[in-house]
Amino acid sequence: MRDLLTAKSEEDALEDLHRKGLTDGLPVVVPTPSRVDRMALASGNDPDMVIGAMGPGNGVATIEKIAVAAVMAGCVPDHMPVVLAAVKAVINPVFDLTEMQATTHCTAPLIIVNGPARFSCGPISSGYGALGPGHRANASIGRALRLAMINIGGGRPGSSDMALLGHPGKFTYCLAENEEESPFEPLHTSFGFERDESIVTVMGGEAPHSVLFGADGDDPKSYKGLLDILAIGLTNPATNNAILTGGSALIILNPEHAAVLADAGLNRTTISEELHTRCLHTEKDIKRLVPAFSSNREGNRNAFTGPEQILIMMAGGSGLYSMAIPTWSAGAHKNSPSCEKIETDFFCEIPDKKID
Amino acid sequence: MRDGINIAKLNIPAVALVTEEFWPQGDFVSVSLGMPEIPRVKLPHPVAGSGTENMRMIAKSVATQVIASLDTNA
């Protein structure tokens, strides 16, 4: 049964939502019953259908509650299947949502979208500034997941979300892969999905770390320098990946860097393998730099248990910069990436998409 | 906090050691997991990284409370 709030005006309603701690601190679209109904309808599911419990508060995520988050975030009904898939992905136990929401680390769920839904549920940007402002679907979908984590999961700063600082991606963190221009098979195929399936992959990521590299067209071994510098970006010894080990991490190659590696005969799998051999530190160095997490072992500590933990995708504009996104690398399942199919078959076309 | 509750749910006497900074989070977690009365002992913050001698001193200062909580819990 709905427990409705009332207010004299839209402005009053917004202030009330802020006062009750139901926003992310920015203005939201007030989730009126008609707006929520329309958003829930777009999912093609019953509003009271239960998706699962969201930690740390163990709030029950129903289609209707997820629709509330989507409305508040500024989504249009077209975005709803992606929001729903993202919520399902973080509820998957492998994602360790409860622990991830409660940790002192800055981790935030990064939503990566592959397949035809990038267009039918967006457009979700994979180009210039895809992780920055100016892309409505990216901004709204990522924000909807965060609002669900706040209002259904109960993650609030300082009382249940204990991130010491957090990072701006905790407002919204969503992009698509540029599959059309990538020389590699898209990311979701490495998880066993078909290329034409629409998939959300959610991983708990730090803020993106820029990786600068300029290729030398006269040097056929130039690509090795790119691999070396990407590996440093992935596992600088200040990251949890390097110290705790066993968590995943992501490289977002820009088109030029992707071309350098493709021209060298590498593919997604062999790039991960090459990086894996480079992502290690000596135990001696770790003892010197981070003694609280050192051991009496000798030899090297590899940040990853295997190359499959290093995710590779292509996005962004053309230029010198790729991105490395290290992760929290803790929790019972090491906060593993979680994939979920975007159910566009169930999507219900809304005759009037205008939000009242 | 969560570990303490999970242990208590196994009918094993448990007391959660929570630093003062994390006390509000403890309130939230204990309610959300349905065990708001889980015995808790408050520690100063931070404990981690504060040095062996300091940790011994903290342990000594709360040992009686911890044992009393476990006795009550049993």
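Residues numbered from 1 in each chain as written. Chains lettered and ligands numbered in written order. Predicted model: local features only at pLDDT ≥ 70, side-chain atom pairs only at ≥ 80, totals over all residues.

Check the secondary structure of chain B and you find three helices and two strands. When the elements of chain B are put in sequence order from the N terminus, they spell out α-β-α-β-α. Judged by the C-alpha coordinates and their principal axes, chain B covers about 35 × 25 × 15 Å. Here chain B holds 74 residues, and the buried ones make up 19% of them. Across chain B, the fraction of contacts at a sequence separation of at least 24, relative to all contacts at a separation of at least 6, is 66%. (Helix = DSSP H or I, 4+ residues; strand = E, 2+ residues; numbered from the N terminus. Buried ≥ 20, exposed ≤ 12 C-beta atoms within 10 Å, placed from the backbone. Contact = placed C-beta atoms within 7 Å.)

Each pair of packed helices gets described by two things: the angle between the helix axes and the distance between those axes. All names here are of chain A. Between helix H8 (residues 222-234) and helix H10 (residues 255-263), the shortest axis-to-axis distance is 9 Å and the interhelical angle comes to 125°. Accordingly, the angle class assigned to the pair H8 and H10 is oblique. As H8 packs across H10, the resulting crossing turns out to be left-handed. Contact with H8, carried on its side by Ser222, Tyr223 and Leu226, involves His257, Val260 and Leu261 of H10 and no other residues of that element. A class-by-class count of the residues in the contact of H8 with H10 yields four nonpolar, two polar and no charged. (Axes fitted to C-alpha atoms, helices over the stretch in contact; angles between N-to-C directions. Parallel < 35°, antiparallel > 145°, perpendicular 65-115°, else oblique. Left-handed = near helix turned anticlockwise from the far one by under 90°. Nonpolar A, V, L, I, M, F, W, Y, C, P; charged D, E, K, R; others polar.)

With that settled, consider the domain arrangement of chain A. Residue and element names in this part refer to chain A. Parsing chain A into structural domains produces domain 1 (9-206) and domain 2 (208-326). The centre of domain 1, based on its C-alpha atoms, is set 27 Å off from the matching centre of domain 2. Every element with two or more residues in the side of domain 1 that touches domain 2 is listed here: strand E3 (108-114) and strand E5 (199-205). (Domains from an automatic or database assignment.)

Below, the discussion takes up the environment of Lys9 of chain B. Residue and element names in this part refer to chain B. With respect to the element layout, Lys9 can be found in the loop between helix H1 (2-8) and strand E1 (16-19). The class for Lys9 is partly exposed, based on 13 C-beta atoms found within 10 Å. Spatially, the C-alpha atom of Lys9 lies 9.0 Å from that of Met35, the residues being 26 residues apart in sequence.

Right, let's talk about the interface of chain B and chain A for a bit. Across the contact, seven residues belong to chain B and ten residues belong to chain A. Tallied by class, residues from the side of chain B that touches chain A come to four nonpolar, three polar and no charged.

To continue, consider helix H2 (residues 33-43) of chain A. Of all the residues in H2 of chain A, the buried ones are Val36, Arg38, Met39, Ala40, Ala42 and Ser43 of chain A. Phi turns positive one or two residues past the end of H2 of chain A, at Gly44 of chain A, with a value near 75°.

Most peptide bonds adopt trans geometry, and most residues besides glycine take a negative phi value. Residue and element names in this part refer to chain A. The omega torsion across Gly122 and Pro123 is 10°, close enough to zero to call that bond cis. With respect to the helices and strands, the residue Pro123 is situated in the loop between helix H6 (117-120) and helix H7 (136-151). Here the phi dihedral of Asp96 falls at roughly 55°; this positive angle occurs in a residue that is not glycine. Secondary-structure assignment places Asp96 in the loop between helix H4 (80-91) and helix H5 (97-102). One non-glycine residue, Ser329, lies in positive phi territory at about 65°. With respect to the secondary-structure elements, Ser329 resides in the loop between strand E11 (321-325) and strand E12 (338-341).

Turning next to the sheet that holds E11 of chain A. All names here are of chain A. The sheet built from four strands is open, its strands ordered E6-E11-E7-E10 with mixed pairing. In this open sheet, the two strands that pair with only one neighbour each are strand E6 (209-212) and strand E10 (310-314). For this sheet, the mean angle separating the axes of adjacent strands, direction not counted, is 25°. Note that strand E7 (residues 249-253) and E10 share five bridges and pair parallel. In the sheet register, Ile251 faces E10, and the bridge partner there is Ile312. (Pairing = 2+ DSSP bridges.)

What follows is about the sheet that holds E5 of chain A. All names here are of chain A. Spatial ordering of the open sheet is given by E4-E3-E5-E12, a layout of four strands whose pairing is mixed. With partners counted over all chains shown, the strands left at the sheet margins are strand E4 (174-176) and E12, one partner each. The sheet shows a mean angle of 25° between the axes of neighbouring strands, direction not considered. Across four bridges, E5 lies against E12 in antiparallel orientation. In the sheet register, Thr201 faces E12, and the bridge partner there is Cys339.

Among all positions of helix H2 (residues 23-32) of chain B, only Gln25, Gly26, Val29, Ser30 and Ser32 of chain B are buried. Taken around the axis of H2 of chain B, the buried residues stretch over an arc of 165°, which confines them to a single face. Next to the buried residues of H2 of chain B lie H5 of chain A together with H1, E1 and strand E2 (40-43) of chain B. Looking one or two residues beyond H2 of chain B, the residue adopting positive phi is Gly34 of chain B, at roughly 75°. (Arc of directions from axis to C-beta.)

Right, let's get into the packing of H2 of chain A against helix H3 (residues 63-73) of chain A. Residues and elements named next belong to chain A. Following both chains from N to C, one finds H2 and H3 inclined at 115°, their axes separated by 8 Å at the closest point. Between H2 and H3 lies a crossing of right-handed hand. Contact residues: Arg35, Val36, Met39, Ala40 and Ser43 in H2; Ile63, Glu64, Ala67, Val68, Ala70 and Val71 in H3. Its residues assigned to classes, the contact of H2 with H3 shows eight nonpolar, one polar and two charged.

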